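# Residue-level structure breakdown
Listed below are the residues making up each chain.
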Amino acid sequence: MNHSPSDDSSMPVASRKIFVSLDTTARSRGSDKVATQVESVLNAQPELAATLVRNGSRGMFWLEPLLEINTPKGRVAYGPVKAEDVNDIINLQCFDDATEHPLCLGLTEELPWFKSQQRLTFARVGIIDPIDVDDYISHGGFVGLTNAFAKTAQQLVDEVKESGLRGRGGAAFPTGIKWQTVLNEPEQQKYIVCNADEGDSGTFADRMLMEGDPLVLVEGMIIAGLSVGADQGYIYLRSEYPQAHDLLNKAISNAKAAGYLGDNICGTEHNFHLEVRLGAGAYICGEETSLLESLEGKRGLVRAKPPLPAIEGLFGQPTVVNNVISLASVPYILSHGGDSYRDFGMGRSRGTLPIQLAGNIAQGGLVELAFGISLNELLQQYGNGCKSKRAMRSVQVGGPLGAYLPAEQWDTALDYEEFASIGAVLGHGGIVVFDDTVDMAAQARFAMEFCEVESCGKCTPCRIGAVRGVEVIDKIIDGNNDEQQRQDSVDLLHDLCDTMEFGSLCAMGGMTPFPVRSALKYFPDDFLPQPSTQKAQ
Ligand SMILES: Cc1cc2nc3c(=O)[nH]c(=O)nc-3n(C[C@H](O)[C@H](O)[C@H](O)COP(=O)(O)O)c2cc1C
Ligand code: SF4
């Protein structure tokens, strides 16, 4: 699609901007080279009087590096751009002139993929300069916090309850109820801990948010602090996210300089301090109690519950532990009202979910939509089928502990309860796609192997069960075994899955049976004996 951005009015010189993303995915596709080239063109042609802005990604990863130029009609997108395209794009476009550059996609926000989304939490991602407090404020930032100052702690918790927000980290626990538990505790010292460990395969919503609009997370954490009476927050950040680390620290420092963090924030009697802590590099450190141990400087071992972290959390004090997206959804709720957020969604799944399309998918990226859309719509309308152009065979939803779903289940609506009814989970909203070359026995084996490697080792069903699980799957697919031996191994695998599901201390061991059982149930032929015992290895 070509778009002609000509208009009666010219772009005021002071507003001329070129946007190239600094998001990790965009950078991995070459956006830094594009940005360097933009700078050199602008330096060579000072008469253009334009500035380069490194923004977050719009989430259309197959179009990265995306270059956008603001015009009187809105931002015009070009992509995927190479450094050698930059000179032509800038000089043909010239901010208010008609152009037909072959990489021109038209107005970014008119692209159907983008326009049909409901971007509440990601409203500013890909639009603002991520660490610029003034830019944040000029796009509606800190309105929620300003409203929060006028409310009591109980009113704030009630507003979050009213919104119907449920935790986006995976367990979908109602955020308002968690906050109420912490508010009710009498202790003086309470904490807000943001779980930014984002370990699920195929997920990147937390990273994109922290790289594209870190101040919305900062604002959400301050509001959480006001709501429960906590004056200290920690962001436990996945150590593999250096770009998010850098941007979060800069955003925190800028927010502090602007009076939004520290003592007597915004001239009120409230204090809120915020620090980033790097994670220990283990999947289990994303589990909230293991995370708290790690944050206290110990090995990431899961704690038995009760006591809940809301009652005895960080350093034994009442603690809110929430996922990045849960906390980043709160400013919208406080600025637009809990009922406005609740208007989106279906059933008990209210609001929007940032859905991450990954794996073998033609149009991978992030789509924020109200709950209720079907997997089919996502995979075809947004994902545009497999990248390999082969038939799609299976999708795993909800990270490495999520079920593998066959085509007959892709009409399921994205809704926590609908997914539970088919033995699946939505988790953190990650969808990983596989084409018809996938070996589902190998995927089941991988699930057990993943658990074996990532188990914290505290309880037997998980620590030992996962090791035995790998062995039993190998026996099932071993072509040297007769049918009776194979059937015995299948029965044993089911028994083992029961033991892990019902006997594990946490969901690591408890949910590993989800991918294993679903692979066995929906793709039984892949478990038939193979000529080589090496098949799934
Ligand atoms: C093995 C395991 C790994 C987890 N990893 C993460 C993670 O990376 N990020 C996250 O937010 N929640 C993760 N969780 C869920 C957290 O334990 C917890 O439910 C969540 O941080 C609560 O926040 P929420 O209510 O906002 O979702 C994990 C849980 C388990 C069992
Ligand atoms: S289920 Fe696994 S990860 Fe969870 S406590 Fe037990 S051994 Fe640790």
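The structure displayed is predicted, hence computed values, not measured ones. Along each chain, residues carry numbers from 1 onward, in the same order as the chain's sequence is written. The order in which chains are written sets their letters, starting at A; the order in which ligands are written sets their numbers, starting at 1. Given that the model is predicted, a residue must reach a pLDDT of at least 70 before its local features are reported, and side-chain atom pairs must reach 80 or more before they are shown or counted; all residues, however, enter totals for whole chains, interfaces and linings. To obtain the side-chain values, all non-hydrogen atoms of the structure were included, while hydrogens and water were left out.

### Brief notes about the domain arrangement of the chain
The line we're drawing: In this entry, domain limits derive from an automatic or database-based domain assignment. By definition, residues are in contact when any of their heavy atoms lie within 4.5 Å. Note on definitions: buried area is the accessible-area loss of two parts on being combined, 1.4 Å probe, summed for both.
What the domain assignment lists for the chain is domain 1 (16-111), domain 2 (133-343), domain 3 (345-435) and domain 4 (440-527). Computed over C-alpha atoms only, the centres of domain 1 and domain 3 are separated by 31 Å. With four residues of domain 1 at the interface, the matching set in domain 3 holds five residues. Roughly 330 Å² of surface becomes buried between domain 1 and domain 3 when both sides are summed, with 56% attributable to carbon and sulfur atoms.

### Considerations on unusual backbone geometry
What counts is decided by this rule: Under the scheme used here, helices are H or I runs from DSSP no shorter than 4 residues and strands are E runs no shorter than 2 residues, and both carry numbers assigned from the N terminus. Each residue's exposure class comes from its accessible area (1.4 Å probe, protein chains only) as a fraction of the maximum for that residue type: buried when under 20%, exposed when over 50%, partly exposed otherwise.
With an omega of -15°, the peptide bond between Gly 79 and Pro 80 qualifies as cis. Here Pro 80 lies in the loop between strand 4 (74-78) and helix 3 (86-93). Phi is positive for Phe 142, which is not a glycine, with a value near 65°. Under the relative-accessibility criterion, Phe 142 is labelled buried at 2%.

### Here's the deal with the pairing of strand 13 (residues 365-370)
Rules: Any two strands with at least two DSSP-identified bridges between them are counted as paired.
Burial runs high along strand 13: six of the six residues are buried. In textbook terms, the turn of a hairpin is the stretch between consecutive antiparallel strands, and for strand 12 (residues 352-359) and strand 13 this stretch comprises five residues.

### Quick word on the site of ligand 1
Test applied: One heavy atom within 4 Å of a molecule or strand is enough for the residue carrying it to be called near that molecule or strand. We define a polar contact as two N or O atoms separated by no more than 3.5 Å, with the added condition that, inside protein, one atom must be a possible hydrogen donor and the other a possible acceptor, whereas residues neighbouring each other in sequence contribute only through side-chain atom pairs. Only the protein chains shown count as cover for residues, with accessible areas throughout obtained via the Shrake-Rupley method and a probe of 1.4 Å. Here the term cavity refers to a set of points on a 1 Å grid, laid over the protein atoms alone, in which a 1.4 Å probe fits but cannot get out; the term pocket refers to an open set having protein on both sides within 12 Å along at least five of seven lines, with lining residues being those that place an atom within 4 Å of a point. Whether a molecule sits in a cavity or pocket is decided by its atoms, more than half of which must lie within 2 Å of the grid points.
Within the structure, ligand 1 sits among 19 residues, and Gly 169, Asn 195, Asn 322, Asn 323 and Ser 326 are positioned closest to it. Within the backbone of Gly 169, a nitrogen or oxygen atom sits 2.7 Å from an oxygen atom of ligand 1. Burial of ligand 1 by the protein chains amounts to 91% of its free accessible area of 620 Å². If you map ligand 1 onto the pockets, it falls in the largest pocket. Elements represented by at least two residues in the shell around ligand 1 include exactly strand 9 (319-323) and helix 20 (507-511). With three residues, strand 9 is the single largest residue contributor to the shell around ligand 1.

### Remarks on the sheet that holds strand 12
Keep this limit in mind: Fitted lines through C-alpha atoms serve as axes, helices being fitted only where they are in contact, and the angles separating the N-to-C directions of these axes extend from 0 to 180 degrees.
Here we have five strands laid out as an open sheet, ordered 13-12-16-14-15, and mixed in their pairing. On the outer flanks of this sheet lie strand 13 and strand 15 (404-406), each paired with one strand and no other. On average, each strand axis in the sheet is tilted by 30° relative to the strand beside it, whichever way the strands run. Taken together, the five bridges between strand 14 (residues 392-397) and strand 16 (residues 430-435) define a ladder with antiparallel strand orientation. Residue pairing for strand 16: Met 392 is matched across the bridge by Asp 435.

### With respect to the nonpolar core
One broad rule of soluble globular proteins: the nonpolar side chains tend to lie buried together. Quick reminder of the rule: Side-chain atoms within 4.5 Å link the members of a nonpolar core, which is a set of buried Ala, Val, Leu, Ile, Met, Phe, Trp, Tyr and Cys residues.
Of all hydrophobic cores here, the largest spans 63 residues; its most connected members are Trp 179, Ile 192, Leu 209, Met 210, Leu 217, Met 221 and Ile 235. Per element, the largest residue contribution to this core is 10 residues, and it comes from helix 10 (residues 214-228). Every residue in contact with Met 210, bar those within four places of it in the chain, is listed here: Ala 196, Leu 217, Leu 237, Tyr 241, Ala 244, Leu 247, Leu 248 and Val 324. In this structure, Val 425, Phe 450, Ala 466 and Leu 496 belong to the second largest nonpolar core, which totals 38 residues.

### Quick word on the layout of surface pockets
Condition: Grid points are joined across faces, edges and corners, and a volume is the space filled by probe spheres set on the points. Residues are grouped as follows: Ala, Val, Leu, Ile, Met, Phe, Trp, Tyr, Cys and Pro are nonpolar; Asp, Glu, Lys and Arg are charged; every other residue, Gly included, is polar.
In this structure, the largest pocket encloses a volume near 1,300 Å³. Along the walls of the largest pocket sit 49 residues, with Gly 169, Gly 170, Ala 171, Gly 286 and Glu 287 positioned nearest its centre. If you list the elements that add at least two residues to the lining of the largest pocket, you get helix 8 (175-184), strand 9, helix 16 (416-421) and helix 20. Per-element tally for the lining of the largest pocket: the top contributor is strand 9, with four residues. Its residues assigned to classes, the lining of the largest pocket shows 23 nonpolar, 15 polar and 11 charged.

### Some thoughts on the packing of helix 17 (residues 440-454) against helix 21 (residues 513-522)
Threshold: Here the angle decides the label: under 35 degrees means roughly parallel, over 145 means roughly antiparallel, 65 to 115 means roughly perpendicular, and every other value means oblique. Each crossing gets its handedness from the near helix: less than a right angle anticlockwise from the far helix is left-handed, clockwise is right-handed.
The contact between helix 17 and helix 21 brings their axes to 8 Å, and the two run at 165°. One way to sum up the angle between helix 17 and helix 21 is to call them roughly antiparallel. Here helix 17 runs over helix 21; the crossing is left-handed. Where helix 17 approaches helix 21, its residues Met 440, Ala 444, Ala 447 and Met 448 are matched on the opposing element by Pro 515, Val 516 and Ala 519.

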